[in-house]
Amino acid sequence: MEDQENISEIKADHETIIENKELNFIEALIPVVLLMALLFYNIFFADGSLLGDYSNQFILLIGGAIAAIVGLFNKVSLKRMYTEIWENIKSVFIPIMILFLVGALAGTWLVSGVIPAMVYYGLQVLSPEIFLPASVIIAAIISIATGSSWTTSATVGIALVGIGTALGINPGMIAGAVISGAYFGDKMSPLSDTTNLAPAMAGTDLFTHIKYMTITTVPTIIITLIVFAVISASITTTGSADISNLLSTIDTTFTITPWLFLVPITVVALILLKTKPLIALCSGVILAAIFAFIFQGNILEGLGDSKFSAIITSILTDTQITTDNEKLNDLFSAGGMQGMLWTIYLILCAMVFGGIMDGIGALARITSALLSVATSIFGLFASTVISCLGLNAIASDQYLAIVIPGKMFKRAYEDRGLAPENLSRTLEDSGTVTSVLIPWNTCGAYQSGVLGVGVGEYFLYAIFNWLSPFTTLLFAALNLKIRQLKTSK
């Protein structure tokens with residue numbers, strides 16, 4: 001039974017902040033501490049598969065169950081917990097629909113030749129004199145197109161490291177340039193799962209989030225490009241950048257034409273015209289499907305019993321276009337809507353954990369304690385950055401470094417009158433991009449293994465990644481472009 005005297009509710013906009021007088025700070029922390037302990041064990045002792053491929057999701061559910069036990073002990077009813085879980089799940093319905101469309105977009109952009117065309121034209125801007133900044137730009141373009149820093153590094157990144165090494169450039173510099181560009185693109189692409197995850201956790205929409213991120217992200221990438229331009233001008237290169245094999249493979253596999261750029265240009269134009277995200281992304285899927293029929297008939301015939309079935313497959317499930325160049329095969333693959341299920345399950349499990357933490361009053365108790373320490377706007381931003389960095393190091397997973405601080409700090413930002421895009425931007429500035437700087441993080445281990453360059457070698461040159469948290473803190477300290485919640489009169 002729930003004791004109504006120990007529960008109080010504070011209406012905040014369309015949401016309710018639940019406070020529980022029975023719950024103390026230590027009890028509120030129990031689910032978080034045990035969650036962190038399970039994640040730590042999963043990463044360092046179970047090789048990330050303690051409970052199978054969806055270990056992180058199950059651990060979040062276990063954390064929710066622990067929170068429920070704490071709630072029952074403190075006189076909170078199961079009905080209240082169920083209600084908060086449902087409210088949380090309803091709040092991410094649109095982001096989940098967007099994620100499904102993002103998967104469909106990735107598949108159709110592949111079979112239509114849009115992504116291959118971006119790779120094809122992007123590689124041709126290489127010049128030894130501007131190799132490093134060009135590498136940043138190429139990696140950024142590919143990552144924006146694919147929404148994946150991992151795929152960019154495993155394909156174009158490997159090629160750029162090989163080319164740059166042949167020119168006599170330090171591999172750490174090349175890897176740092178590739179990673180800087182790849183994570184810029186990953187962070188800014190509407191196809192990226194983390195770019196969708198951050199606004200879902202903070203409570204804002206995808207395109208508001210991306211637009212607001214440009215405030216800190218554009219200055220950071222400009223500084224990065226300037227530094228790499230200076231480095232390129234100060235080193236001597238030898239050899240030649242022979243990318244003819246890559247270009248030839250793309251050219252013979254796909255019909256490459258500048259007309260394909262009409263697809264991404266249309267989506268961008270719709271976004272700029274403030275079209276609803278679902279409509280803009282759906283338009284991108286439909287237009288890409290049409291272009292696939294027009295330009296890539298041979299590709300579609302090789303992927304299914306009919307061209308139409310090949311398009312449906314690219315929208316719904318895995319698509320693999322095999323070429324005679326192994327470096328390109330990973331790039332020319334997409335998971336469709338099915339490929340987004342892991343992230344969607346993570347969001348839903350996070351909503352369960354967060355809903356129960358909301359329902360028992362734990363989030364209100366923890367955030368009130370954080371607010372007592374973070375006595376200023378800058379302190380709140382700094383606390384968020386530190387939490388993201390800490391989770392990247394402790395949990396070794398960039399998704400959890402976004403999910404957990406996003407849910408835990410959401411109320412605190414609202415209490416301070418800050419718009420949710422402040423939180424979503426800070427999550428990306430400090431959670432997404434710094435994961436690759438930690439050797440034992442899944443991102444750091446992956447990137448160093450794929451590129452063949454240790455984290456210690458590229459750390460200093462991953463300028464965009466380590467500079468991003470400082471940029472977001474600088475804007476907070478100077479109170480620049482800190483958006484407030486709109487108040488109704």
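Residues numbered from 1 in each chain as written. Predicted model: local features only at pLDDT ≥ 70, side-chain atom pairs only at ≥ 80, totals over all residues. Heavy atoms only, no water.

Visitor: What is the right way to read helix α1 (residues 25–44) from this model?
Guide: An α-helix turns once per 3.6 residues; consequently, residues spaced three or four apart project the same way. Over its 20 residues, α1 runs 28 Å from end to end, which matches the ideal 28 Å to within 8%, given 1.5 Å per residue. Remark: the principal bend of α1, roughly 30°, maps to P31. Of the residues flanking the start of α1, the one acting as N-cap is N24, its side-chain oxygen 3.1 Å from the backbone nitrogen of I26. (Helix = DSSP H or I, 4+ residues; strand = E, 2+ residues; numbered from the N terminus. Expected span 1.5 Å × (residues − 1). Bend = angle between axes of the 7 residues up to and from the residue. Polar contact = N/O pair within 3.5 Å; in protein donor to acceptor, adjacent residues only side chain to side chain.)

Visitor: What's the story with the nonpolar core in this structure? I'm lost.
Guide: Within soluble globular proteins, side chains that are nonpolar generally end up buried alongside one another. The biggest cluster of nonpolar side chains holds 144 residues, and the ones touching the most others in it are W109, L132, M201 and M357. Here L132 is in contact with I169, M173, I174, A177, F228, I231, S232 and I235, once residues within four sequence places are set aside. (Core = buried A, V, L, I, M, F, W, Y, C linked by side-chain atoms within 4.5 Å. Buried < 20%, exposed > 50% of the residue type's maximum accessible area, 1.4 Å probe, protein only. Contact = heavy atoms within 4.5 Å.)

Visitor: How do you make sense of the pattern of salt bridges when you look at a structure like this?
Guide: Where charged atoms from two side chains of opposite charge approach closely, those side chains can pair. Applying the stated rule across the entire model yields 6 salt bridges. Here K407 makes a salt bridge to D358, at a shortest N to O gap of 3.9 Å. In this pair, K407 sits in helix α20 (residues 398–415) while D358 sits in helix α17 (residues 341–359), placing the two residues 49 residues apart along the sequence. A cluster of three or more residues bridged by salt bridges with shared partners is formed by D358, K407, R411 and E414. (Salt bridge = Lys/Arg side-chain N within 4 Å of Asp/Glu carboxyl O.)

Visitor: I would appreciate a short explanation of the side chain of E428 in the present structure.
Guide: Tracing the backbone through its elements, the reader meets E428 in helix α21 (residues 420–432). At 3.0 Å, the side chain of E428 and the side chain of H209 are in polar contact. Other than its neighbours up to four places away in sequence, E428 contacts K187, T194, T195, A198, H209, M213 and V433.

Visitor: When you look at unusual backbone geometry in this model, what are you seeing that I'm missing?
Guide: Here the phi dihedral of K75 falls at roughly 65°; this positive angle occurs in a residue that is not glycine. Structurally, the position occupied by K75 is in the loop between α2 (55–73) and α3 (78–91). A residue is classified by how much of its surface remains accessible, and K75, at 36% relative accessible area, is partly exposed. At N479, a residue that is not glycine, the phi angle is positive and equals roughly 55°. Relative to the assigned elements, N479 resides in the segment after α24 (463–477).

Visitor: Would you mind going over the environment of S468 with me for this structure?
Guide: Position of S468 relative to the elements: it lies in helix α24. Using a relative accessible area of 1% as the deciding quantity, one classes S468 as buried. Remark: the alpha-carbon pair of S468 and V227, spanning 241 residues in sequence, is separated by 15 Å. For S468, the residues in contact, after removing those within four places along its chain, are K187, T220, D429 and V433.

Visitor: Would you mind showing me how to read the packing of helix α8 (residues 171–188) against α24 here?
Guide: For any two helices packed against each other, one specifies the crossing angle of their axes together with the interaxial distance. In contact at an axis separation of 7 Å, α8 and α24 are set at 55° when each is read in the N-to-C sense. In this view, α8 runs oblique relative to α24, as classed from their interaxial angle. Note on element contacts: α24 touches α8 through I463, F464, N465 and S468, opposite I179, S180, Y183, F184 and K187. (Axes fitted to C-alpha atoms, helices over the stretch in contact; angles between N-to-C directions. Parallel < 35°, antiparallel > 145°, perpendicular 65-115°, else oblique.)

Visitor: In this structure, what is going on with the packing of helix α9 (residues 193–202) against α20? I would like to understand it.
Guide: Axis separation between α9 and α20 bottoms out at 8 Å; the angle between their running directions is 15°. The pairing of α9 with α20 is recorded here as roughly parallel in orientation. α20 is crossed by α9, and the crossing has right-handed handedness. Across the interface between the two elements, D193, T194, L197, A198, M201 and A202 of α9 pack against Q398, Y399, I402, V403, G406 and K410 of α20. Considering only residue class, the contact of α9 with α20 consists of 7 nonpolar, 3 polar and 2 charged. (Left-handed = near helix turned anticlockwise from the far one by under 90°. Nonpolar A, V, L, I, M, F, W, Y, C, P; charged D, E, K, R; others polar.)

Visitor: Even after reading the chapter, I still don't get the environment of T108, so can you show me in this structure?
Guide: Looking at where T108 falls in the secondary structure, it is placed in helix α4 (residues 93–111). The spacing of T108 and A310 is 202 residues in sequence and 9.6 Å in space, taken between C-alpha atoms. From its side chain, T108 meets the backbone oxygen of L105 in a polar contact 3.2 Å long.

Visitor: In this structure, what is going on with the packing of aromatic side chains? I would like to understand it.
Guide: In this description, an aromatic ring pair is defined by two values, namely the gap between the centres and the angle between the planes. The full count for this structure, using the stated rule, is 11 aromatic pairs. Between the aromatic rings of Y41 and F45, the centroid separation amounts to 5.5 Å while the plane-to-plane angle is 25°, which identifies the pairing as stacked. Classification of Y41 by relative accessible area gives partly exposed; the value is 42%. You can call F45 exposed: its relative accessible area is 58%. For the ring pair Y54 and Y345, a centre distance of 5.6 Å and an interplane angle of 65° mean the geometry is edge-to-face. Note that Y54 is positioned in the loop between α1 and α2 and Y345 in helix α17, a separation of 291 residues in sequence. Taken together, the ring pairs in this structure connect F40, Y41 and F45 into an aromatic cluster. (Phe/Tyr/Trp six-rings, centres within 6.5 Å; stacked < 30°, edge-to-face > 60°.)

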